[in-house]
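# Descriptive structure summary
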Amino acid sequence: MSAAMDTESTYSGYSHYSGHSKKAHRQGRDRHKSPRSKDGSRSEKSVTIQTPPAEPLLGNDASRAEEGQDDNWGETTTAITGTSEHSISQEDIARISKDLEDSVGLDCKRYLGLTVAAVLGLLVFLTPIAFILLPQILWRDDLEPCGTVCEGLFISVTFKLIILLIGTWALFFRQPKADLPRVFVFRALLLVVIFLFVFSYWLFYGVRILDSKDTNYQGIVQYAVSLVDALLFIHYLAIVLLELRQLQPMFTVKVVRSTDGESRYYSLGHLSIQRAALVVLENYYRDFTVYNPALLTASKSRAAKHMAGLKVYNVDGNNASGQSRAMIAAAARRRDSSHNELYYEEADHERRVRKRRARLVVAVEEAFTHIKRLQAEEQQKAPGEMMDPREAAQAIFPSMARALQKYLRTTRQQQYHSMESILQHLSFCITNNMTPKAFLERYLNPGPTLQYDRDRWFSKQWTLVSEEAVTSGLQDGIVFVLKCLDFSLVVNVKKIPFIKLSEEFIDPKSHKFVLRLQSETSV
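Sequence order as written defines residue numbering, which begins from 1 separately in each chain. Side-chain atom pairs in this predicted model are given and counted only at pLDDT of 80 or more, local residue features only at pLDDT of at least 70, and totals for whole chains, interfaces and linings cover all residues. In computing side-chain properties, one takes all heavy atoms of the structure into account and sets aside hydrogens as well as water.

What follows deals with a nonpolar patch on the surface. Patch membership is restricted to residues that have no salt bridge and whose relative accessible area is over 30%. Joining uses 9 Å for like charges and 5 Å for the nonpolar side chains Val, Leu, Ile, Met, Phe, Trp and Tyr. Surface accessibility follows the Shrake-Rupley procedure with a 1.4 Å probe radius. Residue values consider only the protein chains on display as shielding. A pair is scored as a salt bridge if a Lys or Arg side-chain nitrogen falls within 4 Å of a carboxyl oxygen belonging to Asp or Glu. A contiguous nonpolar surface patch, about 840 Å² in accessible area, is contributed by Tyr111, Leu114, Ile155, Phe159, Ile162, Ile166, Trp169 and Phe173. Secondary structure is summarised from DSSP: a helix means a run of H or I of at least four residues, a strand means a run of E of at least two, and numbering begins at the N terminus for each. Those elements giving two or more residues to the nonpolar patch turn out to be helix 5 (108–138) and helix 6 (148–171). Sorting elements by how many residues they give to the nonpolar patch places helix 6 first, with five residues. Structurally, the position occupied by Trp169 is in helix 6.

Let us look at the UniProt feature "transmembrane region" (unreviewed entry) in the protein. UniProt positions are given in the numbering used here, feature names are shortened, and annotations may be inferred rather than shown by experiment. UniProt's entry tags residues 111–133, 153–172, 184–204 and 224–244 with the feature "transmembrane region" (unreviewed entry), counted in the numbering of this structure. As annotated, residues 111–133 comprises 100% helix and 0% strand, and the C-alpha atoms at either end are separated by 33 Å. Note that residues 224–244 is 100% helix and 0% strand, and that its end C-alpha atoms are spaced 29 Å apart.

Let's shift gears to unusual backbone geometry. The backbone phi angle of Lys213 is positive, close to 50°, even though this residue is not glycine. On the secondary structure map, Lys213 appears in the loop between helix 7 (185–210) and helix 8 (217–244). Working definition: with a 1.4 Å probe on protein chains only, accessible area under 20% of the residue-type maximum means buried, over 50% means exposed, and in between means partly exposed. Residue Lys213 is classed as partly exposed on the basis of its relative accessible area of 48%. For Arg412, which is not glycine, the phi dihedral falls at a positive 55°. Mapped onto the elements, Arg412 comes out in the loop between helix 13 (389–410) and helix 14 (419–431). Take Arg412: its relative accessible area is 14%, and that puts it in the buried class.

In this description, strands pair whenever DSSP reports at least two bridges between them. Spatially, five strands are ordered 2-1-5-4-3 in an open sheet, and the strand pairing comes out antiparallel. Two strands lie at the open edges of the sheet, namely strand 2 (263–268) and strand 3 (463–466), each paired on one side alone. Sheet twist, expressed as the mean angle between neighbouring strand axes with direction ignored, is 25°. Helix axes use the C-alpha atoms of the stretch in contact, all axes being lines fitted to C-alpha atoms, and the angles between their N-to-C directions lie in the range 0 to 180 degrees.

Here you go:
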C-alpha cells in the first residue's frame, strides 16, 4: 500500500462511531463535517486537520465545543460524510466575492501617478535630444561648424542621460507597496518642479533659438548640456527628499492591537501620517503574532456567564425583599470567587498544553528517527525505488498526525494549519535535513502573520483614522488608528527627546591608592 493510502486510511480511522447520544452525534457532525468541493463532485472523506473557513472568527458554538471536549475526543466523535450534486462552501463564496471586486475595473487612482511620471520622464529625456537635433533638421546649412568640441559634448550628454535614466528608474519606477489615501506630497512637488523647469527651457529655446534660427551650434549643444546637468541636480534633490530625509530616527511610535493588547515599539523619521501607517503595517505583519480570535472566546464566555449569574427580582410589593437581597448577595459572592475559577481554568489549560506538547515532541522525534532509518535502507536499493521527500513525508505523517492534531486544537491553532500545509512543511524539513525541533518550531510557538497563508490571513483593506490630515508630518502626541475587519491598531507617536551629553576628564595620574593596615592585624 502506498504512502498516500496510508495517510488517508490513518486519518479515516481517527473518527469513528461511538455510543453517544444523538446530541453528541449532531455536535460531532457539525464539528467535523468536511467542506464540499466547488465543482459539484462528490465530497471526499473528512480529515480532522482541515483548512479553516473563509471567515476566521469563531462563534459561540465553536467556543462551547472547544470547552466541552475531553482528552479522548478522537475516540468519542463521529464524522458524517455525504454527497451532493450542487454544493458550495464558504470558501467558494469568499472567492466569488473577491472575483467580483476585482472585476469592477482598474483603480485609476493607483496608476494615475505612475502614468503622469512616465509621460513627464519621457518628455524630460527627449528634450535634450530634441534641442540638439532640431537645428540639424531645420537649418542645417546655416549652422557654424563645431568640430571636436561638439563631439565631446555629445559624448557627455549621452553618458549623463544614461546615468539619469538608470537613477530615475531606480527611484521613481518601483512597484507600489500600497494604495495610500492621499498623494505623496514631496513626489508631487518634484513632478511639478520638473515640469516647470522643462517648460521654461522649452520657452527660452523657442524664443531665442527657433525664432531667430541661431547659427552658433556649439552654444546650442552647451544649452542642452546645461539642461542635463540641471536634471541631474534635481534627481539628487529627489534622493534627499524621498529617501535620505526619513532615515534619521526622530519619533518613537507605540503600536497596540486593540483585541489582545499586544504592543511593539518602532523608531521613525520625518514621515507623513499615511506613510508612517504604511511602515507600521509592514512591521506588523513581520513582528506581531498572528491574530487568533479563538483565544478571546473563552474570556468572553466566562464574563457573560458571570454577568448572567446576577439577577434582580421585582417583588411587586410582596414581603420578599429580604429574599431578593439574599439572592443578590449570593450572586455577588459567586462573582467575587470568579478569580479562583479563572486560576484553576488556566492551570488546567496549561497542564493539558504541556502534556500534549510532550506527546507531540516524542511522536515527531520517533517519526524523524524512522525516516532517517528509511533513508539508510533506501540507499542500498535501486535508484528507481528511492523515495522523494513528498512520499517520505506522507509515510511518516500518520504517526505524528494524531498528537499534532490534539496539540493544535488545545492551543486553538487548528484553523491556521491545513493538512496540505503541514505535509509541505514536513517535506521541506526532510529535503533540507532539518531536525524535529526545527519542524516543530512553527507549531509550538505562534508565528507572525507572514508565516501563514497570505490570501487567507492578510487583511485586504485597512482604514486610517486620524484627527490630523494624513499628508501632514508626524508630531509629538499624535494618535491615529488603523482599522481592519476584526481588530484595530492604535498608534501613539512620541518624539525622541533631545539628549545632551557632557564630558568629564579624569586624570590618569589620579588613579593611585594607599593600603592602610591596622596594627592589630595578622599581616
